[in-house]
Amino acid sequence: MMENIQSKTQYSGIAGKTVVVTGAAAGIGFSLSKAFAEQGAKVFMIDLNETALTEATDALKAYQVCGYAANVTDDEAVRAAFERCKNHFGLVDVLFNNAGISLNKPSLEISMAEWRRCVDINLSSLFLCSQEAAKQMQLHGRGAIINTASIWGLNTSAERTAYCTTKAGVVAMTKCLAAEWGAFGIRVLAIGPGYTRTALVEKLQQQNTLDVADLERRTPLNRLAEPEEIAELGLFLASDAAKFMTGQTYLIDGGWDANGFQ
C-alpha cells in the first residue's frame, strides 16, 4: 500500500472558489474535499450519512468547509442544499458529483426497487445537482462540473447491467451538458476511476468478498489507485490548467482498460 498522498502542486484558479462535493464523507469524496480545501477552496460537503459527515468536517476543521446532510435524489433537498451553499460561501464555482452506489447482481434477480435506486443515485442525482449548480454558475459566467463515472461507464460486464448502464449515462450526460452549457462558460467533465483503495474495498477484502490481489494482478501498474490520486485528477480538471477541456471522460485506472480486462 502506498503512503498517504498529498498534492504538492498549487493549482491555479481554485483558491477562494466555492466547491460542492457530493458523497463527501468518505472514500474518494472525502479525499476530494480535503484536496480542494488544502488548495484554499471553500468546500461545501454533502452526504446522506450525517454521522460520517460530522466526522469528516471535524477532520477538516482547519479549513473552510461546511457539511450539509441531504439526499441528493430528492429535488427539494438538492435545491435547499445549493441555496444553503450560496448563502454560506457564495455562488458555486465547482461541483464534483461523486455520490454513487454499486450494484453487482444477476440481471434476472434485480428488483425494480434496486434498479430505480441505482438510477436515482448514480444518474438522476447528478442531473439534479448539475442543474442547480449551473443556475448559479451562469450568473457569473463560469464554472466546472466534474462527474464521477467509472471504468464501467466505458466498458461492460455480466452481472453489472444497472451499474454499467447508469455510469454510461453519466458519460453521455457529461457530453450533452458540456455541449449545451459551454455558452455559459461552464465546463462539464467526468473521471472514470478504476478500483481504488477505500475503506469499503478494504472491508470487502477482509470479508473475503473481493480479491484485491487478483485486481492488482490484472492492473498493468500492479496496484489499486489511492483516493488521493483520484482527487489529484479532480484538482487538475477543475483548475485553470484545464480551462479548454470539456465534454470528455478521463480514465484513471492504472491501465486496466488498456489491458483489455484480462
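Let me begin by describing the structure that accompanies this report. Model, not experiment: these values are computed from the prediction.

Some thoughts on the overall build of the protein
Reasoning step 1: Counting secondary structure elements, the protein contains eight helices and seven strands.
Reasoning step 2: For 262 residues, the compact-globule estimate of 2.2 N^0.38 gives 18 Å, and the C-alpha radius of gyration of the protein, at 17 Å, lies within 12% of that figure.
Reasoning step 3: In terms of its C-alpha atoms, the protein occupies a principal-axis envelope of roughly 45 × 40 × 40 Å.
Reasoning step 4: Considering the protein as a whole, with its 262 residues, one finds that 49% of them fall into the buried category.
Reasoning step 5: Taking contacts inside the protein between residues at least 6 apart in sequence as the whole, the part at least 24 apart equals 72%.
Reasoning step 6: Here the protein displays about 12,300 Å² of accessible surface, and carbon together with sulfur accounts for 52% of that area.

Quick word on the pattern of salt bridges
Reasoning step 1: Here the structure, examined in full by the defined rule, presents 12 salt bridges.
Reasoning step 2: Between Glu83 and Lys86 there is a salt bridge whose closest N-O contact spans 3.5 Å. Of the two residues, Glu83 and Lys86 are both situated in helix α3 (residues 75–89); the distance of three residues between them amounts to about one turn of the helix.
Reasoning step 3: With relative accessibility at 32%, the residue Lys86 sits in the partly exposed group.

Brief notes about the packing of α3 against helix α4 (residues 112–140)
Reasoning step 1: Interaxial distance between α3 and α4 falls to 10 Å at its minimum, and their mutual angle equals 35 degrees. For α3 against α4, the interelement crossing comes out right-handed. Packed against α3, whose contacting residues are Asp75, Val78, Arg79, Phe82, Glu83 and Lys86, the element α4 presents Leu128, Cys129, Glu132, Ala133 and Gln136 at the interface.
Reasoning step 2: Here the residues of the contact of α3 with α4 are counted per class, giving five nonpolar, one polar and five charged.

So, the side chain of Thr166
Reasoning step 1: Structurally, Thr166 can be placed in helix α5 (residues 161–181).
Reasoning step 2: For Thr166, a relative accessible area of 2% puts it in the buried group.
Reasoning step 3: Setting aside anything within four residues of it in sequence, one finds Thr166 in contact with Cys118, Val119, Asn122 and Leu123.

Concerning the sheet that holds strand β7 (residues 249–252)
Reasoning step 1: Pairing within the open sheet is parallel, and its seven strands lie in the order β3-β2-β1-β4-β5-β6-β7. Of all strands in the sheet, those bounded by a partner on one side alone are β3 (65–69) and β7. For this sheet, the mean inter-axis angle between neighbouring strands, taken without regard to orientation, is 20 degrees.
Reasoning step 2: As judged from the four bridges shared by strand β4 (residues 94–97) and strand β5 (residues 143–148), these two strands associate in the parallel manner. Along β5, the bridge assignment pairs Val94 with Ala144.
Reasoning step 3: Helix-sheet contacts for helix α2 (residues 50–59) involve β2 (42–47) and β3, and the interaxial angle to β3 is about 180 degrees.
Reasoning step 4: Of the strands in this sheet, β1 (18–22), β2, β3 and β4 are in contact with α3, which crosses β3 at around 160 degrees.

Things to note about the layout of surface pockets
Reasoning step 1: Taken as a whole, the largest pocket encloses approximately 1,400 Å³ of empty space.
Reasoning step 2: Along the walls of the largest pocket sit 43 residues, with Gly100, Ile101, Ser102, Tyr163 and Leu200 positioned nearest its centre.
Reasoning step 3: Listing elements by their share of the lining of the largest pocket, those giving two or more residues are α1 (27–38), β2, α4, α5 and α6 (199–206).
Reasoning step 4: The element that contributes the greatest number of residues to the lining of the largest pocket is α6, accounting for four residues.
Reasoning step 5: Of the residues belonging to the lining of the largest pocket, the class tally is 22 nonpolar, 17 polar and four charged.

Describing the state of the cysteines
Reasoning step 1: Tallying each qualifying case throughout the model produces zero disulfides.
Reasoning step 2: Looking at Cys129, it has no disulfide partner, and the nearest cysteine sulfur is the one in Cys85, 11 Å off.
Reasoning step 3: The thiol of Cys176 is not disulfide-bonded; the next cysteine sulfur, from Cys129, is found 18 Å away.
Reasoning step 4: Accessibility expressed as a relative area gives 53% for Cys176, which makes it exposed.

Topic: the environment of Leu237
Reasoning step 1: Position of Leu237 relative to the elements: it lies in helix α8 (residues 227–238).
Reasoning step 2: A C-alpha to C-alpha distance of 9.6 Å links Leu237 and Val188, two positions 49 residues apart in sequence.
Reasoning step 3: Once residues within four sequence positions are removed from consideration, Leu237 is found in contact with Ile146, Arg187, Leu189, Ile191, Ala242, Met245 and Tyr250.

A short note on the pairing of β4
Reasoning step 1: A two-sided burial pattern is seen for β4, the buried positions comprising Val94 and Phe96 on one face and Leu95 and Asn97 on the other.
Reasoning step 2: Where β1 and β4 come together, three bridges link them in parallel fashion. If you follow Val21 over to β4, its bridge partner there is Phe96.
Reasoning step 3: For the segment spanning β4, α4 and β5, crossover handedness is right-handed.

Conventions used here
Residues numbered from 1 in each chain as written. Predicted model: local features only at pLDDT ≥ 70, side-chain atom pairs only at ≥ 80, totals over all residues. Heavy atoms only, no water. Helix = DSSP H or I, 4+ residues; strand = E, 2+ residues; numbered from the N terminus. Rg over C-alpha atoms; globule rule 2.2 N^0.38 Å. Buried < 20%, exposed > 50% of the residue type's maximum accessible area, 1.4 Å probe, protein only. Contact = heavy atoms within 4.5 Å. Areas by Shrake-Rupley, 256 points an atom, 1.4 Å probe, with all protein chains shown as cover. Salt bridge = Lys/Arg side-chain N within 4 Å of Asp/Glu carboxyl O. Axes fitted to C-alpha atoms, helices over the stretch in contact; angles between N-to-C directions. Left-handed = near helix turned anticlockwise from the far one by under 90°. Nonpolar A, V, L, I, M, F, W, Y, C, P; charged D, E, K, R; others polar. Pairing = 2+ DSSP bridges. 1 Å grid on protein atoms, 1.4 Å probe; cavity = no way out; pocket = protein on both sides within 12 Å on 5 of 7 lines; lining within 4 Å. Points joined across faces, edges and corners; volume = space filled by probe spheres on them. Disulfide = S-S within 2.5 Å. Right-handed = clockwise from strand over helix to strand, strands pointing away.

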